[in-house]
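The primary structure of each chain is shown beneath.
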Amino acid sequence: MQGKHPQDTYNIMSELILPNDTNTLGNLMGGRLMHWMDIAAAISAMKHCNCPVVTASVDNVSFNNPIKLGNLLTIEAKLTRSFNTSMEVYLKVWGEDLSAQYKYVSNEAYLTFVALDPNGRPRKVPELLPQTDDEKKMYDGALRRRQVRLILGGKMKPEDAGELRALFVKD
Ligand SMILES: CC(C)(COP(=O)(O)OP(=O)(O)OC[C@H]1O[C@@H](n2cnc3c(N)ncnc32)[C@H](O)[C@@H]1OP(=O)(O)O)[C@@H](O)C(=O)NCCC(=O)NCCS
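Along every chain, residues carry numbers that run from 1 in the direction the sequence is written. Where local features are concerned, this predicted model is filtered to residues with pLDDT of at least 70; where side-chain atom pairs are given and counted, the filter is 80 or more; whole-chain, interface and lining totals use all residues. As a rule here, side-chain values cover all heavy atoms of the structure and leave hydrogens and water aside.

Visitor: When you look at the overall build of the protein chain in this model, what are you seeing that I'm missing?
Guide: Each helix corresponds to a stretch of at least 4 residues labelled H or I by DSSP, and each strand to a stretch of at least 2 residues labelled E; elements are numbered beginning at the N terminus. From N to C terminus, the protein chain includes three helices and five strands. The order of helices and strands in the protein chain, counted from the N terminus, is β-α-β-β-β-β-α-α. Projected onto its principal axes, the C-alpha coordinates of the protein chain cover approximately 50 × 40 × 35 Å. To sort residues, take the accessible area from a 1.4 Å probe on protein chains only and compare it with the maximum for the residue type: under 20% means buried, over 50% means exposed, and anything in between is partly exposed. The buried share of the protein chain, reckoned over its 171 residues, is 43%. Calculation of accessible area relied on Shrake-Rupley with a 1.4 Å probe; when residues are assessed, cover is drawn exclusively from the protein chains displayed. Counting only carbon and sulfur atoms, one obtains 52% of the accessible surface of the protein chain, whose full area is about 9,700 Å². Side chains of the protein chain give 21 positive and 20 negative charges; the mean places of these two sets differ by 4 Å. In this tally, Asp and Glu contribute negative charge and Lys and Arg positive charge; neither His nor the terminal groups of the chain are included. Each charge is placed at NZ for Lys, CZ for Arg, CG for Asp and CD for Glu.

Take a look at the structure:
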């Protein structure tokens, strides 16, 4: 299976925030945003593995700035690392007031997807080959983030978490 570059998995998605997307304060609802984030990230993962994927986990999401009614939402998604059957995707979310020409970061997040074979079982994915310094940094960090989410998801024993073990286990 031939390796791929993070740039091959790049996906950008935009939505205009309409009244039906907002709460009573005129801000984009968090649940609607997460729906779009899930889709943007899934497309990035599918560009990498060229098969169906499921969302395995969503890491912490902090909504730092509300996105206002009438503003433009932009989500950028790119793979940071692939493992055996799973892939970590990094998302950056912006709001933009096109009239005032003002753009602001709303939030960032990591989502993990698992590739599935025709029987719905996890299947192996291609290796991701980081190219730039930023991509290499994200790639290195992905291993530690994976350990944290697998421990929190009950899929890994803290004792097996290598350098992160000290965060969870008191000797
Ligand atoms: C995600 C899922 C496919 C994992 O299946 P599984 O039988 O636990 O398979 P495995 O234990 O072999 O794990 C497969 C991969 O999933 C990863 N994984 C499992 N749970 C995970 C979690 N909570 N967070 C991140 N990755 C996870 C494993 O690390 C493994 O990755 P790797 O092969 O790269 O090491 C399965 O739990 C599932 O289908 N969940 C529901 C997905 C879904 O419906 N999502 C939409 C929201 S409802």
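Moving on from the model shown.
Visitor: Explanation requested: the environment of Ser-99 in the structure shown.
Guide: Following the sequence through the fold, Ser-99 ends up in the loop between strand S4 (86-97) and strand S5 (102-115). Separated by 33 residues in the primary sequence, Ser-99 and Pro-66 have C-alpha atoms spaced 17 Å apart.

Visitor: I tried to follow the nonpolar core on my own but got confused; where do I start?
Guide: Soluble globular proteins tend to bury their nonpolar side chains together. Put simply, a nonpolar core is a bunch of buried Ala, Val, Leu, Ile, Met, Phe, Trp, Tyr and Cys residues held in one set by side-chain atoms that sit within 4.5 Å of each other. Met-37, Leu-73, Ile-75, Met-87, Val-89, Leu-91 and Phe-113 are the most contacted members of the largest nonpolar core, which has 30 residues in total. At the level of secondary structure, the elements contributing two or more residues to this core comprise helix H1 (30-49), strand S3 (72-82), S4 and S5. Counting residues per element, this core draws most heavily on H1, which supplies eight residues. Any two residues whose heavy atoms approach within 4.5 Å are treated as being in contact. Dropping the residues within four chain positions of it, Leu-73 is found in contact with Met-13, Ser-14, Glu-15, Ile-17, Leu-28, Leu-33, Trp-36, Ile-67, Val-93 and Trp-94.

Visitor: I would appreciate a short explanation of the site of the ligand in the present structure.
Guide: The environment of the ligand is made up of 16 residues, and the closest members are Thr-55, Asn-84, Thr-85, Ser-86 and Arg-146. A distance of 2.9 Å separates a nitrogen atom of the ligand from a polar backbone atom of Thr-55. In the model, an oxygen atom of the ligand is placed 2.6 Å from a nitrogen or oxygen of the Thr-85 side chain. Starting from 930 Å² of accessible surface for the ligand in isolation, the protein chains cover 56%. Of all the secondary-structure elements, those providing two or more residues to the shell around the ligand are strand S2 (53-58), S5 and helix H2 (133-152). Examining the composition of the shell around the ligand, we find that four residues originate from one element, S2, more than from any other. Residue classes follow a fixed rule: Ala, Val, Leu, Ile, Met, Phe, Trp, Tyr, Cys and Pro count as nonpolar, while Asp, Glu, Lys and Arg count as charged, and any other residue, Gly among them, counts as polar. Within the shell around the ligand, the residues separate by chemical class into six nonpolar, six polar and four charged. A cutoff of 4 Å decides nearness: a residue is near a molecule or strand if any of its heavy atoms lies inside that distance of it. Side-chain atoms alone can form a polar contact between residues adjacent in sequence; in general such a contact is a pair of N or O atoms within 3.5 Å, and within protein one must be able to donate a hydrogen while the other accepts it.

Everything listed here is a matter of coordinates, which is why it stays silent on function.
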